[in-house]
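Spelled out, the chains give:
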Amino acid sequence: MIVFFALLGALPPQNWVLLTLLAGLAALYDTLFWISHIYIFIEANRDHLDTGSAVGALEGIRKFASILGPAIGAFILITAGKAPLTIISIIIFSLSIVPLFKMKHVRDIPAGKRLNFKDFFSSIKEKRNYLSAALLGVHIEAEDTIWPLFIFLTVGTLEAVAAVPTLVAITTIVFSFFIGKLTNKHASKMIILGSIFITLSWILRIIFHDTFLYYATVFLVGFFYLLISLPLDRFTTAHGLEVGSLSVAVYRNASAMSLRIILYAILAILVEVFKVSFVVAAACVFMILVVTLLLKPKTQKIP
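Residues numbered from 1 in each chain as written. Predicted model: local features only at pLDDT ≥ 70, side-chain atom pairs only at ≥ 80, totals over all residues. Heavy atoms only, no water.

Q: Any chance you could break down the overall build of the chain for me, citing the residues and the numbers?
A: The secondary structure content of the chain amounts to 11 helices and 0 strands. Written out in order from the N terminus, the α and β elements of the chain read α-α-α-α-α-α-α-α-α-α-α. Here the analysis covers contacts within the chain between residues at least 6 apart in sequence; of these, 82% occur between residues at least 24 apart. (Helix = DSSP H or I, 4+ residues; strand = E, 2+ residues; numbered from the N terminus. Contact = heavy atoms within 4.5 Å.)

Okay, structure coming up:
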């Protein structure tokens, strides 16, 4: 990521070669970061008895950073310019490595043998959870990337776009810890409830064209998203403690990204981008409901 920001600061207009290189670096960073992130979180929670609270707290911290980071970046950009912002970003990313050397309780080298694809997905529970994570990835892409762009083109101001992630972050920070605790006993029910209401929210957005409705659903979807994502994160953590952190981190990241590729492949050949992406997102969230109802494991023991 340090190389990414260094090249971004030197990016000239209409340089597609360098832009493509930046995209490749961003993809490499994203893969390495999320696999490591999931692995370290699972390993750090080996002695944590309340996994639900842990995943809830982590989600709240992520969203708090998602507000704080852009706010600081915007302030630096306005007051000092692009070059200082690039330098400070590189310094911050360099300093973020330091805490990793202080985490003595986390194993750097994964223990146990890696499971192959067939063994990893041998149970109904894992098929359901990782398929749900893949389907949820489409909603995340539509909600976090395409929906703010739609808001900008509809309302026409940058302030309107900035309000979208702010509302989502506030919702997450307020409710994530409490919802995380509920995943200990009501995970499947929460996923079912969240899937129903997010699907309804996408349908309302598609049918009715009202600015107030757009922002109201952003707040509601931010809440109901937690009812799906936190139970899935808890399942992921519990599975990593059972079969191995690295295997779970790799397959979880792969599943979360897999259907996003298909979404953008579809949008690349179509003229109508927004409505199609919203319909696909609604269909994928509805499929999470179907998968949760149909793929029920006989026993579900989660530490």
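Q: So what's going on with the packing of aromatic side chains? Residues and values would help.
A: Under the defined criterion, the tally for this structure stands at 21 aromatic pairs. Ring plane angle 90° and centroid distance 5.3 Å describe the contact between Trp 147 and Tyr 214, whose orientation is recorded as edge-to-face. Residue Trp 147 is found in helix α7 (residues 124-155), and its partner Tyr 214 is found in helix α9 (residues 211-243); the two are separated by 67 residues along the sequence. Accessibility classification places Trp 147 together with Tyr 214 in one group, the buried group. Taking the centre distance of 5.5 Å and the plane angle of 75° together, the rings of Phe 150 and Tyr 214 count as edge-to-face. (Phe/Tyr/Trp six-rings, centres within 6.5 Å; stacked < 30°, edge-to-face > 60°. Buried < 20%, exposed > 50% of the residue type's maximum accessible area, 1.4 Å probe, protein only.)

Q: Explain the packing of helix α10 (residues 245-268) against helix α11 (residues 274-294) to me, using residue names and the numbers behind them.
A: The interhelical angle for the contact between α10 and α11, taken along N-to-C directions, is 150°, at an axis separation of 10 Å. Between α10 and α11, the angle is such that the two are roughly antiparallel. As α10 runs across α11, the sense of the crossing is right-handed. Of the residues in α11, those in contact with Leu 263, Ile 266 and Leu 267 of α10 are Val 276, Ser 277 and Val 280. (Axes fitted to C-alpha atoms, helices over the stretch in contact; angles between N-to-C directions. Parallel < 35°, antiparallel > 145°, perpendicular 65-115°, else oblique. Left-handed = near helix turned anticlockwise from the far one by under 90°.)

Q: Which residues make up a nonpolar patch on the surface, and what are the values?
A: Residues Leu 193, Ile 196, Phe 197, Leu 200, Ile 203, Leu 204, Ile 207 and Phe 208 make up a contiguous nonpolar surface patch of roughly 670 Å² in combined accessible area. Relative to the elements of secondary structure, Ile 196 occurs in helix α8 (residues 158-207). (Patch = residues over 30% accessible without salt bridge, like charges linked within 9 Å, V, L, I, M, F, W, Y side chains within 5 Å. Areas by Shrake-Rupley, 256 points an atom, 1.4 Å probe, with all protein chains shown as cover. Salt bridge = Lys/Arg side-chain N within 4 Å of Asp/Glu carboxyl O.)

Q: Quick one: what's the story with the packing of helix α2 (residues 16-44) against helix α3 (residues 51-79), residue by residue and with numbers?
A: Where α2 contacts α3, the two axes come as close as 12 Å, and the packing angle between them is 140°. Between α2 and α3, the crossing angle belongs to the class labelled oblique. Here α2 and α3 pass one another in a crossing that is right-handed. Here Trp 34, His 37 and Phe 41 of α2 lie close against α3, whose contacting residues are Ala 54, Val 55, Leu 58 and Arg 62. The residue makeup of the contact of α2 with α3, split by class, is 5 nonpolar, 1 polar and 1 charged. (Nonpolar A, V, L, I, M, F, W, Y, C, P; charged D, E, K, R; others polar.)

Q: Quick rundown of the confidence of the model for the chain? Include the residues and the values.
A: Taken as a whole, the chain shows an average pLDDT of 83; of its residues, 92% reach a score of 70 or greater. The spread of mean pLDDT over the elements of the chain runs between helix α1 (residues 2-9), the lowest at 68, and α11, the highest at 94. (pLDDT = per-residue confidence, 0-100.)

Q: Hey, could you go over α2 for me, with residue numbers and the actual values?
A: Between its terminal C-alpha atoms α2 stretches 41 Å, which fits the 42 Å expected from 29 residues at 1.5 Å a residue. Every buried residue of α2 is listed here: Leu 18, Leu 22, Ile 35, His 37, Ile 38, Tyr 39, Phe 41, Ile 42 and Glu 43. (Expected span 1.5 Å × (residues − 1).)

Q: Mind laying out α7, listing which residues take part and the relevant values?
A: Taking 1.5 Å as the rise per residue, α7 with 32 residues should run 46 Å; its terminal C-alpha atoms sit 45 Å apart, in good agreement. When the local axis directions of α7 are compared, the greatest deviation, roughly 35°, occurs at Ile 146, which is followed within four positions by the proline Pro 148. Positive phi shows up at Gly 156, right after α7, with a value of about 90°. (Bend = angle between axes of the 7 residues up to and from the residue.)

Q: Go over the nonpolar core, please, and point to the residues and values.
A: Core analysis: the largest hydrophobic core is formed by 39 residues, its most contacted members being Leu 136, Trp 147, Ile 198, Trp 202, Ile 228 and Phe 278. Residue assignment for this core shows that the elements contributing at least two residues are α7, α8, α9, α10 and α11. It is α9 that provides the largest number of residues to this core, a total of 12 residues. Discounting residues that sit within four places of it in the chain, Leu 136 has contacts with Tyr 225, Ile 228, Ser 229, Leu 232 and Ile 288. Membership of the second largest hydrophobic core comes to 10 residues, among which are Phe 120, Phe 121, Val 248 and Tyr 251. (Core = buried A, V, L, I, M, F, W, Y, C linked by side-chain atoms within 4.5 Å.)

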